[in-house]
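Spelled out from the first residue to the last, the chains are:
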Amino acid sequence: MSAGTPLAPPGPSPVRRDELARRIRLLVGATIAYNVVEAVVALTAGTAASSSALIGFGLDSVVEVSSAAAVAWQFSAADHAVREAREARALRIIALSFFALAVYVAVESVRAFAGVGEADRSYVGIVLAAVSLAVMPFLSAAQRRAGRELGSASAVADSKQTLLCTYLSAVLLAGLIANAVLGWSWADPAAALVIAAVAVKEGRDAWQGKGCCAPTTAAVLPVEASADPCGCRPGCACCA
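All figures in this text were calculated on a predicted structure; none of them were measured in a lab.

Trainee: Any details on the overall build of the protein? Residues and values, ideally.
Mentor: For the protein, the count of helices and strands is six helices and zero strands. Counted from the first residue to the last, the protein has its helices and strands arranged as α-α-α-α-α-α. Residues counted as buried form 45% of the 240 residues belonging to the protein. The contacts of the protein with a sequence gap of at least 6 include a subset with a gap of at least 24, amounting to 76%. Put simply, the protein shows about 11000 Å² of open surface, and 67% of that area lies on carbon and sulfur atoms.

Trainee: Requested: an account of the nonpolar core, with residues and values cited.
Mentor: Counting 46 residues, the largest nonpolar core has Ile24, Leu54, Phe57, Val71, Phe75, Ile94 and Leu172 as its most contacted members. Contributions of two or more residues to this core are made by helix 1 (14-49), helix 2 (52-75), helix 3 (80-113), helix 4 (123-150), helix 5 (153-182) and helix 6 (187-208). Per element, the largest residue contribution to this core is ten residues, and it comes from helix 5. Once you skip the residues sitting within four places of it in the chain, leucine 54 turns out to touch Ala42, Ala45, Gly46, Ser122, Gly125, Leu172 and Leu176.

Definitions and cut-offs
- Residues numbered from 1 in each chain as written.
- Predicted model: local features only at pLDDT ≥ 70, side-chain atom pairs only at ≥ 80, totals over all residues.
- Heavy atoms only, no water.
- Helix = DSSP H or I, 4+ residues; strand = E, 2+ residues; numbered from the N terminus.
- Buried < 20%, exposed > 50% of the residue type's maximum accessible area, 1.4 Å probe, protein only.
- Contact = heavy atoms within 4.5 Å.
- Areas by Shrake-Rupley, 256 points an atom, 1.4 Å probe, with all protein chains shown as cover.
- Core = buried A, V, L, I, M, F, W, Y, C linked by side-chain atoms within 4.5 Å.

These values are about where atoms sit, not about what they do.
Structure (structure tokens):
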């Protein structure tokens, strides 16, 4: 062992892994339950108001349910090795869900800009966006911490999708308020395009497996190969 070469930190113990897996299952369950309600309200209100941003937000909730369901499927396995084997497939499901959302919302936004339907005011949508803006950060942070400690890229990716909902809630809220108060109908499809752009980025990151914090399996980790003393793989942003 050469001088100045730090030892890789050990991963969590089997008992701790099981505890983290149970925590992630509970958080995923809460995320699914909330997003089912959110999707129904957003899609119903969005259809009534012809709001591409609100419909896009509702579809994002549907995507979050599919993403959380993929992680729930992964962590339904009691054996840690089986959960790891399911990781890549879960990430692919999350990524494809993001891409599908981005394509649909982008098309609907362009149609709205072209004058095919003008969004009406939606006070139900404003309330929904405000509630989501308050709830989602807590769910995301809790799952992200557990996923990083466990070294699960899919759990972290799913937490990022929940965090994305926070950002989208803020964008949606701004667009709906601008339309309701100022009469800026263009603000609705503009907000929807922001939702589509962010979804593309998150889908790409999930496909590439970014956002992970898997502990290295090597006994010794060279300094130049480590992005951070926590032992993240090169290029991993988990410790930022």
